[in-house]
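Single-letter residue listing:
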Amino acid sequence: MPTESVVKPAAELGTRSPLVERLHSWVTTVDHKRLGLLYIFYALIFLLFGGIEATIMRIQLIRPLNSFVSPQVFNRMFTMHGTTMIFFFAMPIMFGFANYLVPLMIGARDMAFPRLNAFSFWMTAFGGLLLYFSFVGGDGLYGAGSAPDVGWFAYAPLTSKTFSQGHSTDFWILALLVSGFGSVGTAINIIATIICMRCKGMSLGKMPLLAWLTLTMAGLVILAVSPLTAAQLMLLVDRYLGGHFFDTQAGGSAVMWMHFFWVFGHPEVYVLVLPAFAFASEIIPVFSRKAIFGYPIMVAATVCIGFIGMSVWAHHMFTVGMTSTANSFFVLSTMAIAVPTGIKIFNWLATMWGGQIEFRTPMLFCVAFLFQFLIAGLTGIMMGAAPFDWQLSASYFVVAHFHYVIVGGILFTLFAAVYYWFPKMSGKMYSETLGKLHFWLFVIGFHLTFDFMHIPGILGMPRRIYTYEPGRGWDIWNLIVTIGVFFQAAGLLVFIANLFRSYFRGRVAGSDPWDAWTLEWSTTSPPPAYNFAVIPGVKSRRPLWDLKHPEDPDWHYE
Amino acid sequence: MNSLMRSFLARALVSICWSAAAALAEPSNPRLSPTNIFAPLSTPAQSIFDLSLLVLDITCAIFIVVFALLVYAAIKFRKRGTAHVHEPTQVYGSTQLELAWTVIPVLVVVVLFLASARVIASIQNADRPANAIQVTVIGHQFWWEYRYPSLGVVTANELHIPVSDPSKPIPTFLTLLSADTDHSFWVPRLAGKTDLIPNHPNRMWMDPHEMGVYLGQCAQYCGTQHALMLLRVYVETPDAFNRWIENQRQPAQVNGAPEGQKIFERTACVNCHTVRGTAAIGRFGPDLTHLMSRDTIASGAATNTPENLRRWIQNPDAIKPGSKMPAMGLSDPELNSVTAYMETLR
């Protein structure tokens with residue numbers, strides 16, 4: 001099912017067209033690779049925004065009773081930081097990689113619905129602009145508030161007209177509503193692509209693990225984002241049409257909002273972490289020079305995480321006064337999800353076992369991911385034990401835990417993925433020296449920040465406070481945590497410098513710099529608009545291994 | 001023996017890996033912080049602490065095993081030299097191994113679930129004895145209202161309860177309500193937190209074993225001044241508690257500062273504040289009948305000194321920006337009079 005972009009990329013024509021024409025071709029593109037790159041660029045810009053907001057918060061908390069920002073500004077910062085990082089960094093960048101990689105890895109020429117693909121991207125992009133427009137337009141007619149300050153999970157009734165005047169909350173609602181349509185569109189597209197567009201010979205059981213994980217992720221997006229969208233609509237009805245769904249002053253239910261939000265919010269964690277698993281499942285085998293260990297059980301564990309992931313949401317609500325039976329149920333389901341996750345960690349270890357591990361930058365990030373995700377999982381078990389959570393919930397321990405998941409797990413594998421596929425996307429090799437510098441700066445910063453962030457939580461420091469009094473034993477830990485932020489920021493700058501430097505001055509990478517095994521490495525770097533001159537056919541999960549080792553192909557064993 | 005060994009190993013790791021955890025895990029050591037969750041002094045906090053030790057043991061054991069495997073694999077199987085050698089032997093899986101690392105975690109999960117469920121039931125389903133003190137806690141933006149319905153007392157921010165000798169327990173049961181947004185009542189050394197949600201009454205209980213002042217604060221984001229919605233729990237002997245109750249039940253003795261009282265009752269102060277025995281019967285702000293019996297004002301944001309009181313009345317935002325109390329625009333003499341009136345409310 002070949003599709004053509006309206007304007008051919010200039011490089012193919014052998015001439016450089018004027019800038020405006022090249023920009024126009026990016027804006028009107030329906031090519032999955034270009035849309036993937038747009039998603040990734042767009043997400044990286046929002047990563048900077050979210051990072052700046054985090055830095056402002058950390059400077060405010062560097063010492064007790066600091067007055068770097070007012071409470072109002074601080075509350076906007078954590079709301080914008082959370083919303084930005086989840087909805088406008090993490091999700092779009094995952095969609096970007098899915099867009100770029102899935103058709104290439106399953107031997108297709110594009111996504112199933114290229115125009116829907118472009119529509120979805122621009123919806124997401126528009127959502128992000130709406131959110132940030134709140135800084136300008138949030139005052140509304142009331143002159144109250146600018147950016148939203150209700151927290152990224154926006155608990156009712158703080159979002160009602162009574163407590164949130166002006167339009168800041170409306171921008172938050174609309175931003176998520178609009179980008180939610182984009183997410184669902186992309187999810188449908190991914191599912192259709194993977195189900196219908198695999199090349200000859202690629203049965204579901206022979207897909208790269210990345211395709212399986214992305215498929216499960218897309219399924220979760222549809223199941224999780226829909227209730228969020230519904231809840232946003234209900235909230236709009238409350239705010240403008242006199243509804244009382246969440247308006248507690250008129251008998252509405254604050255707890256219902258919590259259920260709506262977390263039935264989205266927890267699967268969302270898996271929406272983000274499954275692609276992270278996908279990157280690790282592609283990168284670890286290549287740099288260990290071994291096939292992934294236990295492919296069938298990896299697939300089973302993935303699907304299992306998808307199903308169980310839909311039944312754990314209320315572990316975010318252990319303190320809201322559910323019955324002891326309900327609390328116990330959610331302890332069980334939360335603990336249960338540790339089993340398939342554990343299987344994955346053991347299988348990655350078994351993949352490394354007996355291999356020849358080469359610690360290039362992508363592999364370094366993946367090994368750090370294994371270590372950090374292990375700890376994130378274990379602190380997750382601690383909070384899965386509901387009574388322990390009654391102490392830890394809403395404290396800095398939770399903040400440390402979920403940053404361990406999202407930064408230590410997801411962001412680290414994302415860096416690995418950027419370095420691993422950068423040669424394919426740009427045709428150029430990144431600088432290994434800068435890559436390793438980025439890695440070490442980021443590892444040091446990450447551990448300074450998020451290891452020590454657990455401790456004030458244990459010492460009773462709640463999250464979302466703009467200041468604290470001295471004498472609570474929190475000062476030194478907050479100082480260390482803030483220092484770590486500057487290491488992370490330095491690492492991030494090295495990362496961006498590496499991308500620019502390598503794009504303009506890197507050496508040519510060639511089509512298969514890693515001696516890898518999946519189909520994207522069988523075409524040129526960057527791939528042509530049509531991906532493959534001839535649609536490939538495969539006989540095993542590692543078609544390029546079969547090609548390179550005709551004497552001992554994989555399909556003898558699968 | 002083996003399990004003893006493992007538990008020992010795990011504890012050793014607690015002290016190594018969790019920096020400062022050695023001190024933290026030492027019960028009844030609040031030196032690190034007055035709000036250390038690992039220094040419990042009441043039954044619910046203690047049973048949470050006991051469970052958390054079990055969970056820490058198990059998670060540390062898992063950490064040791066997996067971390068050792070990871071380090072071993074990363075060092076032992078790293079590529080040596082740069083020359084391209086043969087690809088290593090390809091292994092596609094192993095049913096026995098995969099079964100092992102499925103079944104063992106399932107067993108661990110069952111243990112953790114049963115242990116958690118027992119503690120959940122013991123805390124949540126505890127019966128309220130007839131002699132229990134009952135307090136209704138109402139969360140407001142950004143302060144706490146305490147009502148003792150059977151004792152006829154209303155106060156704010158500083159909760160007084162009797163000590164509960166384990167041989168003769170007098171637990172305190174709290175009914176948690178909210179007047180506006182969500183809040184959460186958290187005094188880490190006495191109990192886990194429970195949220196205060198409008199239209200959704202909750203309850204919790206505690207039975208402090210030692211006298212003292214315990215700090216806590218709101219743990220659910222509730223608006224601009226969530227950070228300074230602090231609270232204190234004063235745990236006293238039953239006699240001292242009864243004396244406190246007796247004093248709080250008295251109406252205000254108002255004859256010391258008639259000028260200040262007049263200004264107080266003439267301005268909007270009375271829309272929000274109650275001074276029992278006078279014309280002031282507002283309900284939005286804290287009851288001021290015995291204001292001077294409290295150590296702090298503005299929900300713990302400042303100590304209760306005449307200077308702070310004056311500053312607070314003059315411009316609440318100077319002490320607690322975003323607080324719901326407006327500045328009344330009083331002149332200096334008026335401020336002095338109202339402060340003097342406040343100081344008579346003992």
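If you're wondering where the values come from, they're calculated on a predicted model, not measured in any experiment.

Chemist: Could you give an account of the interface of chain A and chain B, naming the residues involved and the relevant values?
Modeler: Often, the extent of an interface is quoted as the loss of accessible area on bringing the components together. Each side of the interface is counted separately: chain A has 100 residues, and chain B has 89 residues. For the pair chain A and chain B, the summed buried surface comes to about 7900 Å²; carbon and sulfur atoms form 70% of the total. In this assembly, chain A and chain B are joined by 1 salt bridge. For Glu87 of chain B, the salt bridge is made with Arg289 of chain A, and the minimal N-O distance between the two is 2.8 Å. For the pair chain A and chain B, the number of links is 34 residue pairs in polar contact (both at pLDDT 80 or more).

Chemist: Which residues make up the sheet that holds strand β4 (residues 158-162) of chain B, and what values do they have?
Modeler: Residues and elements named next belong to chain B. Across the sheet, 5 strands lie side by side as β4-β10-β9-β6-β7; this open sheet has mixed pairing. Every other strand in the sheet has two partners, leaving β4 and β7 (194-196) as the edge strands with one partner each. Each strand axis lies, on average, 25 degrees off the axis of its neighbour in the sheet, ignoring direction. As defined by bridge partners, β4 adjoins strand β10 (residues 230-236) across 5 bridges and the pair is classed as parallel. Bridged to His160 within β10 is Tyr234. Contacting β4 and β10, helix α5 (residues 238-249) crosses the sheet at an angle of about 135 degrees to β4.

Chemist: How would you explain the pairing of strand β9 (residues 212-218) of chain B if you had to name every residue and give the values?
Modeler: The side chains of a regular strand alternate, first on one face of the sheet and then on the other. Residue and element names in this part refer to chain B. Among the 7 residues that make up β9, 5 are buried, leaving the element largely enclosed by the rest of the structure. Strand direction decides the pairing type here: β9 and β10, joined by 6 bridges, are antiparallel. Residue pairing for β10: Tyr214 is matched across the bridge by Val233.

Chemist: Summarise the side chain of Thr379 of chain A; cite the residues concerned and give the values.
Modeler: Position of Thr379 of chain A among the secondary structure elements: in helix α12 (residues 361-384). One polar contact links Thr379 of chain A to His401 of chain A, side chain to side chain, over a distance of 2.9 Å.

Chemist: Tell me about the sheet that holds strand β2 (residues 143-148) of chain B, and please be specific about residues and values.
Modeler: All names here are of chain B. Pairing in this open sheet of 5 strands is mixed, and the strands run β3-β2-β1-β5-β8 from one edge to the other. The sheet is open, and its two borders are formed by β3 (153-156) and β8 (202-206), each paired with just one other strand. The mean inter-strand angle of the sheet, taken between neighbouring strand axes irrespective of direction, is 25 degrees. Taken together, the 4 bridges between β2 and β3 define a ladder with antiparallel strand orientation. Residue pairing in the sheet places Tyr148 in a bridge with Val153 of β3.

Chemist: I'd love a proper account of the pattern of salt bridges, names of residues and values included.
Modeler: It is possible for side chains bearing opposite charge to pair when their charged atoms get close. All names here are of chain A. One pass over the full model with this rule turns up 16 salt bridges over all chains. Where Glu469 meets Arg472, a salt bridge forms, and the shortest distance between an N and an O atom there is 3.3 Å. The exposure class assigned to Glu469 is partly exposed, which follows from its relative accessible area of 28%. A relative accessible area of 2% means that Arg472 is categorised as buried. Linking Arg541 and Glu558 is a salt bridge whose minimum nitrogen-to-oxygen distance equals 4.0 Å. With Arg541 in the loop between α16 (475-505) and α17 (543-548) and Glu558 in the segment after α17, the pair connects residues that are 17 residues apart, well separated along the chain. Residue Glu558 is classed as partly exposed on the basis of its relative accessible area, which comes to 32%.

Procedures and definitions
Residues numbered from 1 in each chain as written. Chains lettered and ligands numbered in written order. Predicted model: local features only at pLDDT ≥ 70, side-chain atom pairs only at ≥ 80, totals over all residues. Heavy atoms only, no water. Contact = heavy atoms within 4.5 Å. Buried area = accessible area lost by both parts, 1.4 Å probe. Salt bridge = Lys/Arg side-chain N within 4 Å of Asp/Glu carboxyl O. Polar contact = N/O pair within 3.5 Å; in protein donor to acceptor, adjacent residues only side chain to side chain. Pairing = 2+ DSSP bridges. Helix = DSSP H or I, 4+ residues; strand = E, 2+ residues; numbered from the N terminus. Axes fitted to C-alpha atoms, helices over the stretch in contact; angles between N-to-C directions. Buried < 20%, exposed > 50% of the residue type's maximum accessible area, 1.4 Å probe, protein only.

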